[in-house]
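The chain contents come next:
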Amino acid sequence: MELTPVYTQRINAVIDHIRLHLSEDLSLAVLADVACFSPFHFHRIFKTLTGETIADLTLRLRLERAALLLRSSPRMRVGDAAVESGFISLAHFSRAFKKRYGLSPSRWDRVTPLKESKNRQTLPAFPAYTDEQLAAFQFDVRVREFPAARLAYLRIANSYVPERVLDGYARLMAWHTGRGSPPTTLIGMSQDDPDITPLELCRYDFCLVAPESFMGEGDISARDFPACHVAAIHVRGDIFDVDKAWHYLFRSWLPRSRFQPDNLPAMEIYHRAPQEIGWETYDLECAIPVVSL
């Protein structure tokens, strides 16, 4: 369903709020207030426009956050991952995890892809690297500060369909050019992990750094992205080089580091925009927001 501009911005604001506040009160009343809808109507509006109920989306994001923490921090206790992801008890988390993924979190080896992952089935052209292959890659990982920024963004649903990504990028850049805005930083943000989230539910945001006064316009939403530290690899190459860098960061470097992922989306920070060099070559940073263990 095609969302009207105001609905697009409000639904995006709710999803952003849920992701950033997984361990806090995410009741219908709180989220309806974020969306500026009455609680009576909000539940139906959200389900109609996203395909998920508020409760289903919140539970899925909490499970995926916990799975990411466990996978990237092998020494983290299951109970700590559950609490940090917003579950009221270890028992509640374990039941929900087993119902979704078919095994308890304590029995998951934190390496084997979870049952709902469809990435390797749907994208067979991307190689599946062994741990030994990843450890042998020569990547320079730099941990640096990322400044706070006001972002103008266009959210792409079902983002593993290439045509949707290309269309979303073209729409954002046409909007930016049409406003006569000066050149600015382009950032792609993966809102979901394709090794955990079913591909049809993955979302990707194309973002541009915007003035502090920007409040959203049409289907372009606005958000404040906080200052953070990122672990980043500068990649110059094709899509397979980008994929390789992401696997190295998440599966090899991060579990051996003194960091864990922050509750913020992974980013592709473009040094050169696709319209400059095309979509077959990339010049960008793969960057994971991180916090110290």
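Caption draft 1: Examining the overall build of the protein more closely. Counting secondary structure elements, the protein contains eleven helices and nine strands. Here the protein has a C-alpha radius of gyration of 19 Å; the compact-globule value for 293 residues is 19 Å, and the two agree. Principal axes of the C-alpha set define a box for the protein whose edges measure 50 × 50 × 35 Å. Every one of the 293 residues in the protein was classed for burial, and the buried ones make up 50%. Sequence separation of 24 or more characterises 73% of the internal contacts of the protein that already satisfy a separation of 6 or more. Of the accessible surface of the protein, which amounts to about 14,400 Å², a share of 55% is contributed by carbon and sulfur atoms.

Caption draft 2: Representation of the pairing of strand β9 (residues 282–292) in the model. Within β9, nine of the eleven residues are buried, which leaves the element mostly enclosed by the surrounding structure. Bridge count for strand β6 (residues 228–237) against β9 is nine bridges, and the pairing is antiparallel. Residue pairing for β9: Ala231 is matched across the bridge by Ile288. One ladder, built from five bridges, connects strand β8 (residues 266–272) with β9; its direction is antiparallel. Across the sheet, Met267 pairs through a bridge with Ala287, a residue of β9.

Caption draft 3: Highlighting the pattern of salt bridges. Tallied over the entire structure, the rule returns 17 salt bridges. In this structure, Arg155 engages Asp16 in a salt bridge whose closest nitrogen and oxygen atoms are separated by 2.5 Å. With Arg155 in strand β2 (residues 149–157) and Asp16 in helix α1 (residues 5–20), this pair connects stretches of sequence that are 139 residues apart. Overall, the relative accessible area of 8% leaves Asp16 in the buried class. When the shortest N-O distance is used, the salt bridge between Asp219 and Arg171 registers 2.3 Å. Here Asp219, found in the loop between β4 (203–210) and β5 (221–225), pairs with Arg171, found in helix α9 (residues 162–178); they are 48 residues apart in sequence, far enough to count as distant.

Caption draft 4: Summary view of α9. Helix length check: α9, at 17 residues, gives a terminal C-alpha distance of 24 Å against a target of 24 Å (1.5 Å per residue), a fit within 8%. Within the span of α9, buried status applies to Val165, Gly168, Tyr169, Leu172, Met173, Trp175 and His176. One side of α9 holds all its buried residues, which, seen down the axis, span an arc of 155°. In α9, those exposed residues whose orientation departs by more than 90 degrees from the buried face are Glu163, Ala174, Thr177 and Gly178.

Caption draft 5: View of the pairing of β2. With eight of its nine residues buried, β2 lies for the most part within the structure. Here five bridges tie β2 to β5, and the two strands are oriented antiparallel to one another. The residue of β5 that forms the bridge with Arg150 is Asp224. Of the pairings in the sheet, the one linking β2 to β4 comprises eight bridges and is antiparallel in character. Residue pairing across strands places Leu151 opposite Val209, the latter belonging to β4.

Caption draft 6: Inspection of the packing of aromatic side chains at higher detail. Going through the model one piece at a time under the given rule, you end up with 18 aromatic pairs. Between the aromatic rings of Phe93 and Phe97, the centroid separation amounts to 5.6 Å while the plane-to-plane angle is 65°, which identifies the pairing as edge-to-face. Of this pair, Phe93 and Phe97 are both found in helix α6 (residues 90–101), four residues apart, which corresponds to roughly one turn of the helix. Between Phe139 and Tyr248, the aromatic rings sit 5.2 Å apart at their centres with planes inclined by 50°, giving tilted as the arrangement.

Caption draft 7: Geometry of helix α2 (residues 28–35). For α2, the complete set of buried residues consists of Leu31, Ala32 and Ala35. The arc that holds every buried residue of α2, seen down its axis, measures 105°, which confines them to one face. Packed against the buried residues of α2 are α1, α3 (39–50) and α4 (54–72). Just downstream of α2 lies Cys36, where phi reads positive at about 60°.

What counts and how
Residues numbered from 1 in each chain as written. Predicted model: local features only at pLDDT ≥ 70, side-chain atom pairs only at ≥ 80, totals over all residues. Heavy atoms only, no water. Helix = DSSP H or I, 4+ residues; strand = E, 2+ residues; numbered from the N terminus. Rg over C-alpha atoms; globule rule 2.2 N^0.38 Å. Buried < 20%, exposed > 50% of the residue type's maximum accessible area, 1.4 Å probe, protein only. Contact = heavy atoms within 4.5 Å. Areas by Shrake-Rupley, 256 points an atom, 1.4 Å probe, with all protein chains shown as cover. Pairing = 2+ DSSP bridges. Salt bridge = Lys/Arg side-chain N within 4 Å of Asp/Glu carboxyl O. Expected span 1.5 Å × (residues − 1). Arc of directions from axis to C-beta. Phe/Tyr/Trp six-rings, centres within 6.5 Å; stacked < 30°, edge-to-face > 60°.

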